[in-house]
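Analysis of the macromolecular model
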Amino acid sequence: MKIDLLSAAVPVALLVPVPAYAMPDTATTTAAPVQAPQGADVVTTGVAKGRDRLDSATSTSSLREAEIRKLAPGSIGDLLRDIPGIRSEASTGEGSVSLSIRGLPIASSGAKFVQLQEDGLPVLEFGDIQGAGADNFLRVDLNLSQVDVIRGGSASTFASNSPGGIINFISKTGDVEGGAVAVTAGLDFEQYRTDFDYGARLTDSVRFHVGGFYRQGEGPRRAGYDAQKGGQIKANVTKEFTGGYIRLYGKYLDDRSPFYDAVPFRATGTNADPKVTTLPGFDGRQDTLLSRNIRTNLMLDGENNVTVNDVAEGQSVKAASLGMEAQVDLHGWTVTERFRFSDMSGTLISPFTSAYLPAAAGVQSLGGAGATLSYANGPRAGQVIADPSTLNGNGLLVALNMLDLRLNSYDNVTNDIRASRVWRVGEGDLTTTAGFYAARQTIDRDALWTTFVSELRGDGEAALLNITDRAGRALTQDGVYAYNLALARGTRRRSLRVDYAVNAPFASVNYHVGRIAIGGSIRYDYGNAEGRIFGSDLGGGRIGTVARDMNGDGVISIAEQKVGVTPLSAPAPVDYKYDYLSYSVGINFRIAEPLAVFARYSRGARANADRILFSNIVSTTDGSLLIPGAAFDPVKQAEAGVKYRRADLTLNLTGFWAKAQDTNVDPVTSGLIARDYKATGLEFEGGYRRGLFSLTAGGTWTDAEIVRDRINPAVAGNTPRHQAKFIFQATPQIVTERFAVGAVLIGTTRSYAQDDNVLRVPGFVTTNAFLQVRAAPRLQLTLNASNLFDVKAFTAFDDAALPASGIVRARPLNGRNTSLTARLDF
């Protein structure tokens, strides 16, 4: 059995998230990890065989299980903030994070140029599907062995739709016998969680691993109810035989958590140097627009039937996955087959792009001169608010746009088969690989809206409000202003039923002789999209608003005269094809035992999915592409670096250049984005250990520019939004046999809120601290503090400039949260 409480005896190369580098031996999806001896610094992800990192030419990093425990991340986005080169906007909660690598743009939201994988296969084929990113269907628990990251252009030949990088979440497989049970409780927020895992051998040739978690609680921000509830279980069984193995695995995830949209803060100062403070009665680091009084969402569903949904569903996901992985040696060739089917669905119900109005002026704006305001529910239901300017101490009301996304099916099926062989050629080894990848991704979704009116209150007790005009007519119904997106004239009610096919043959070659390794890889992607879309704003005179008795009282109220419907009889087709070529070449020269240099050039691309629908890119007549090149966005990248390693020190410095095209849709304005970008930068990573002390650090300096904008030429030459000049991480820690104590410092310099480069988002540094104590030989206690100093850390502002109202819509990271975990290993 294995007891690894503090990792006190583990070398620096495995103790900390050490930077690493990898030369691609294959152009396929990330390979399953090869089991390397403890302490070995070997590339095992994305290669045909293990290779010393100093003999390889692609930037990679690994984050091991022991370090993940110390980080205690609240989400996948939180975890990825600690990996060099990754820009993770982890302000949305446990899902829908926006990710990018090395200056590639986040022009809209999601992870367009980055692919998240689980055990070597993509979680979702496209990283920026609206409504749910791949991280929505991933959880950090005791099943997780490590996270491997490949950065840079060679990733485009490792997998489809991943020119910026691959992030692979690798599960335990029972190769080490033992397990653990961990119980976690929030100390200053309501959450209770239990994790378990166990792995062992059933026979000499059969091993298994099983694990999972369950949690429940309000979560890191106040909602007024248990906004987090659910869990997952994963299991795998591996049969080993001479020359290979076969593994069967499964996962079931049923979980919900809140989505945190932009929330209001007071902003003074200037656009170049805004001073942002919290509002009376509402602290966006700890509060949300959610409330125990805002739970019922009465509306028409995607089939135009009356339905009632519970806002507490939040970001709910269900995923049932079954897969198989096999590897066998056949006459000198290593053949690897991976297959997985995932049945995935969910919801996203949340306030989205809401408007914050001074209550006294807002009630007149929504209800006309002389309109009055009253409480629609809560303990003061029916009470008239005599002086709206004093409402809840901040004098604000919220035109609450409730987005209700029904993720009916995000099913996908993926298969990757390849064959590799190592040949002895002269004094060196020639590794060749060829294979074929195929995937099918379904996107079946309904986007539905309701507009409420509520007070701004941050303790989970905010009430809905009613508006009555001067003639005494009720303009709202139980706090509902319209059964559609009233602030956008009732548009953006949309449904789509589209299937995407992706196919890709690939091949690679790598030659390693003496101190030189040189290789190249190629991948040809071709695919198609077929289906139908429905929308109230597709044109052609299609209606989007009707009058309907929603509450069944026999009376059509004013609010019930604004009911959103989907024109089901007039769908628009989707029917187009695409293809593109990706390639990568690199060379590595090991100057001496501890020192190597490398260089690489790559071209890849990313196919566009649902983001280009409901625009003038796809014909609403026959579903073809009106802009032929818009089906995919090409990316060109070059990098060169130097790497140094000895027993107590690892140093790596990489320079990079990237040029990318992005065709997208702004999720806030629904405006089309069609741009070219370029970026240059330097990426540093290092790890050092002396005695009980160790330090890892990483930093990325980026100079990015919008080269051309086909829709808004005025922004050409500007810096892309959210792109900071410098992002960095540092993890100092002291580790003994009895305890470990340390901190994770993560920071960014300031950036622009939008592409017009007017309003700046302030930079910040957050500090996550941990203390682990071995209370008994098998018992470990861990105290974690996230954002220890309760810093106001903003990933974005939704505004382009400081509003006249002084209220800015900001996206903050969570404030300080502390938790205590007791873990028993056995």
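Look up: the structure comes first, before these words.
Heads up: these notes are all about the structure in this document.

1. Examining the overall build of the chain
Helix and strand counts for the chain stand at five helices and 47 strands. Taken over the C-alpha trace, the chain has a radius of gyration of 27 Å; the compact-globule value for 826 residues is 28 Å, and the two agree within 12%. A principal-axis box enclosing the C-alpha atoms of the chain has dimensions of 95 × 65 × 55 Å. If you take every contact in the chain between residues at least 6 apart in sequence, the share linking residues at least 24 apart comes to 71%. Carbon and sulfur atoms make up 58% of the accessible area of the chain, which amounts to about 28,300 Å² in all.

2. As for helix 5 (residues 359-367)
Those residues of helix 5 lying buried are A359, G362, V363, L366 and G367. Down the axis of helix 5, the sector holding all buried residues measures 105 degrees, keeping them to one side. Turning to helix 5, the residues buried within the fold contact strand 22 (355-358), strand 23 (372-375), strand 24 (396-409), strand 26 (428-455), strand 27 (465-468) and strand 28 (480-482). Taken from the residues just after helix 5, G368 is the one with a positive phi, measuring 90 degrees.

3. Quick look at the environment of D755
Tracing the sequence through the fold places D755 in the loop between strand 41 (751-752) and strand 42 (760-761). Sequence separation of D755 and T719 is 36 residues, and the distance between their C-alpha atoms is 6.6 Å. Not counting chain neighbours up to four residues away, the residues in contact with D755 comprise R675, I706, V715, N718, T719, P720 and R721. There is a polar contact of 2.7 Å between the side chain of D755 and the side chain of R675.

4. Quick look at the side chain of T766
Structurally, the position occupied by T766 is in strand 43 (residues 764-776). At a separation of 3.0 Å, a polar atom in the side chain of T766 contacts the side chain of R81. The residues contacting T766, other than those within four sequence positions of it, are R81, V744, L745, I746, N787, A793 and L813.

5. Points about the nonpolar core
The biggest cluster of nonpolar side chains holds 79 residues, and the ones touching the most others in it are V147, I167 and F169. Here the element with the most residues in this core is strand 29 (residues 494-513); it accounts for six residues. When residues no more than four places from it in sequence are discounted, the contact partners of I167 are L80, I86, L99, V114, Q115, L116, Q117, V147, D148 and V149. The next biggest cluster of nonpolar side chains, apart from the first, holds 39 residues, and it includes Y225, L289, V311 and I807.

6. With respect to the sheet that holds strand 16 (residues 263-269)
With antiparallel pairing, the four strands of this open sheet are ordered in space as 17-16-46-45. Both edges of this open sheet fall to strand 17 (274-277) and strand 45 (794-797), since each of them pairs with a single strand only. Recorded for the sheet is a direction-independent mean angle of 45 degrees between the axes of neighbouring strands. Alignment of strand 45 against strand 46 (residues 807-812), held across three bridges, turns out to be antiparallel. Note that in strand 46 the partner of A796 across the bridge is R811.

7. Thoughts on unusual backbone geometry
Phi angles above zero are rare outside glycine, and D119 is one such case at about 55 degrees. Looking at where D119 falls in the secondary structure, it is placed in the loop between strand 7 (114-118) and strand 8 (121-122). In this structure D119 comes out as buried when scored by relative accessible area, which is 18%. One non-glycine residue, D478, lies in the positive phi region at around 55 degrees. Within the fold, D478 resides in the loop between strand 27 and strand 28.

8. Quick look at a nonpolar patch on the surface
A cluster of nonpolar residues, L187, L692, F693, L695, I734, F739, V741, L771, V773, L781, L783 and L820, forms a patch on the protein surface that exposes about 900 Å² of accessible area. Considering the arrangement of structural elements, one finds I734 in strand 39 (residues 726-735).

9. Concerning the pattern of salt bridges
As enumerated under the stated definition, the model contains 52 salt bridges in all. E118 is paired through a salt bridge with K251; the nearest N and O atoms lie 3.0 Å apart. Linking E118 in strand 7 with K251 in strand 15 (residues 244-257), this pair joins segments that are 133 residues apart in sequence. Pair check on accessibility: E118 and K251 agree, each one buried. Between R285 and D283 there is a salt bridge whose closest N-O contact spans 2.9 Å. Linked by salt bridges that have partners in common, E65, K172, D197, R823 and D825 make up one network.

10. Description of the pairing of strand 13 (residues 206-219)
For strand 13, a buried count of eleven out of 14 residues is recorded, marking the element as mostly surrounded by other parts of the structure. Here strand 12 (residues 190-201) runs beside strand 13; their pairing, made up of eleven bridges, is antiparallel. Note that in strand 13 the partner of Y192 across the bridge is Q216. If you look at the hairpin formed by strand 12 and strand 13, you'll find four residues sitting between the two strands. Sheet analysis places strand 13 next to strand 14 (residues 228-241), joined by twelve bridges and oriented antiparallel. Bridged to G211 within strand 14 is K234.

Conventions adopted
Residues numbered from 1 in each chain as written. Predicted model: local features only at pLDDT ≥ 70, side-chain atom pairs only at ≥ 80, totals over all residues. Heavy atoms only, no water. Helix = DSSP H or I, 4+ residues; strand = E, 2+ residues; numbered from the N terminus. Rg over C-alpha atoms; globule rule 2.2 N^0.38 Å. Contact = heavy atoms within 4.5 Å. Areas by Shrake-Rupley, 256 points an atom, 1.4 Å probe, with all protein chains shown as cover. Buried < 20%, exposed > 50% of the residue type's maximum accessible area, 1.4 Å probe, protein only. Arc of directions from axis to C-beta. Polar contact = N/O pair within 3.5 Å; in protein donor to acceptor, adjacent residues only side chain to side chain. Core = buried A, V, L, I, M, F, W, Y, C linked by side-chain atoms within 4.5 Å. Pairing = 2+ DSSP bridges. Axes fitted to C-alpha atoms, helices over the stretch in contact; angles between N-to-C directions. Patch = residues over 30% accessible without salt bridge, like charges linked within 9 Å, V, L, I, M, F, W, Y side chains within 5 Å. Salt bridge = Lys/Arg side-chain N within 4 Å of Asp/Glu carboxyl O.

Keep in mind that these numbers describe shape and distance, not what the molecule does.
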